[in-house]
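# Results of the structural survey
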Amino acid sequence: NVTNLTLLIGLPAILWSAKPAVAPKGKSKKGGGPPADHLHRLSMLLTLTAVLFFTGAVYALGRDGRLTFNDGLVLVGLFLFWQCFHVFEVLKSNARQGKSLGWKLPVNLILLGVGAYASYVSIDWLMTWLSKIPSGGFISPKNLGWLSGWLMVLPNAMLALYYGWRRKPEVVYTSQVGDGHICLPLCVGIFALHHTLTLPDFFLTGVCVIGGATSIHLLFVGIMGRLPRLMGFALVAGYGYFLKQGLLR
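Residues numbered from 1 in each chain as written. Predicted model: local features only at pLDDT ≥ 70, side-chain atom pairs only at ≥ 80, totals over all residues. Heavy atoms only, no water.

### Things to note about unusual backbone geometry
Put simply, L184 and P185 share a cis peptide bond, and its omega is 20°. Turning to its location among the elements, P185 is positioned in helix α8 (residues 183-194). Notably, R167 is not glycine yet its phi reads approximately 60°, a positive angle. Within the secondary structure, R167 is located in the loop between α6 (144-165) and α7 (169-180). (Helix = DSSP H or I, 4+ residues; strand = E, 2+ residues; numbered from the N terminus.)

See the structure below:
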């Protein structure tokens, strides 16, 4: 989450000077509705607000230094509520427009399941291989968490750089912020359901960086509709501070 909200949004802003993080030429809907760019901005602000709440929930539950089974239930429940909210929003929108979900939904769910299983098999193989490497170097079991985290964020990094190069910052934002309300609370919650999760020493640092970065995005997307290049440097610097606290201490 720290990587998504700092490096992968800040770096494209530095390289390609992010323009408004909304559709550049939003057109009003039929019947005098609000323009598409305004709706997109409101949706983005809602998602960013959810990231703040979910991060705060993890912090509140983990203040004792660990996340237990009961904490995991709360976190997974928050995620399911958030998804139900989106499902009903889609159903309401379809009802207004006289549309149905269509036959593509179950096909997409099947494809999603196949992709998830393929990801699980490949990542499990990589983790097993990495665990057999003798300790000593950077690529070793002692850095398993960092290496697996960067591996999981690599597809998002490709999206961020590609759409930043294409001058589509709204896609950069959507692809990165979307992970902010999936990893926290779902992934952490699922682990806590199986094993008590002892939080690392730099957990508070990570929470503060996520909260600070999200607040920056809320401010600039809400007021200016874009992330200035200067703030891109600030976000990348925040990521460097996070790495220093986690890797070099």
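There is more to say after this.
### Details of the state of the cysteines
According to the stated counting rule, one finds zero disulfides in the structure shown. Looking at the unpaired C84, the closest cysteine sulfur is the one in C187, lying at 17 Å. You can call C84 partly exposed: its relative accessible area is 41%. The structure places no disulfide on C183, whose sulfur is separated from the nearest cysteine sulfur, that of C187, by 4.6 Å. Classification of C183 as partly exposed rests on a relative accessible area of 26%. (Disulfide = S-S within 2.5 Å. Buried < 20%, exposed > 50% of the residue type's maximum accessible area, 1.4 Å probe, protein only.)

### Observations regarding a nonpolar patch on the surface
Judged by side-chain polarity, V87, F88, V90, L91, L101, L105, L109 and L112 come together as a nonpolar surface patch covering roughly 740 Å² of accessible area. Of all elements in the fold, only α4 (69-97) and α5 (104-131) reach the threshold of two or more residues within the nonpolar patch. Among the elements that take part in the nonpolar patch, α4 stands out by supplying four residues, more than any other. Relative to the assigned elements, L105 resides in helix α5. (Patch = residues over 30% accessible without salt bridge, like charges linked within 9 Å, V, L, I, M, F, W, Y side chains within 5 Å. Areas by Shrake-Rupley, 256 points an atom, 1.4 Å probe, with all protein chains shown as cover. Salt bridge = Lys/Arg side-chain N within 4 Å of Asp/Glu carboxyl O.)

### Examining the packing of aromatic side chains
The final tally for this structure, using the stated rule, is 10 aromatic pairs. Judged by centre distance (5.5 Å) and plane angle (50°), the rings of W146 and F242 are tilted. Placement of the pair is W146 in helix α6 and F242 in helix α10 (residues 229-248), with a sequence separation of 96 residues. The pair W146 / F242 is uniform in exposure class, with both members buried. Members of the aromatic cluster, joined through ring pairs, are F138, W146, W150, F202 and F242. (Phe/Tyr/Trp six-rings, centres within 6.5 Å; stacked < 30°, edge-to-face > 60°.)

### Some details on the side chain of N94
Within the fold, N94 resides in helix α4. Among the residues examined, N94 registers a relative accessible area of 13% and is labelled buried. What N94 contacts, discounting residues up to four positions off in sequence, is K99, S100 and L101. (Contact = heavy atoms within 4.5 Å.)

### Regarding the packing of helix α3 (residues 36-61) against α4
Between α3 and α4, whose axes approach to 10 Å, the crossing angle comes to 170°. One way to sum up the angle between α3 and α4 is to call them roughly antiparallel. Counting all contacts with α3, which are made through L46, T47, A50, F54, A57, V58 and L61, the residues of α4 involved are D71, V74, L75, L78, W82 and F85. Broken down by class, the residue content of the contact of α3 with α4 amounts to 11 nonpolar, one polar and one charged. (Axes fitted to C-alpha atoms, helices over the stretch in contact; angles between N-to-C directions. Parallel < 35°, antiparallel > 145°, perpendicular 65-115°, else oblique. Nonpolar A, V, L, I, M, F, W, Y, C, P; charged D, E, K, R; others polar.)

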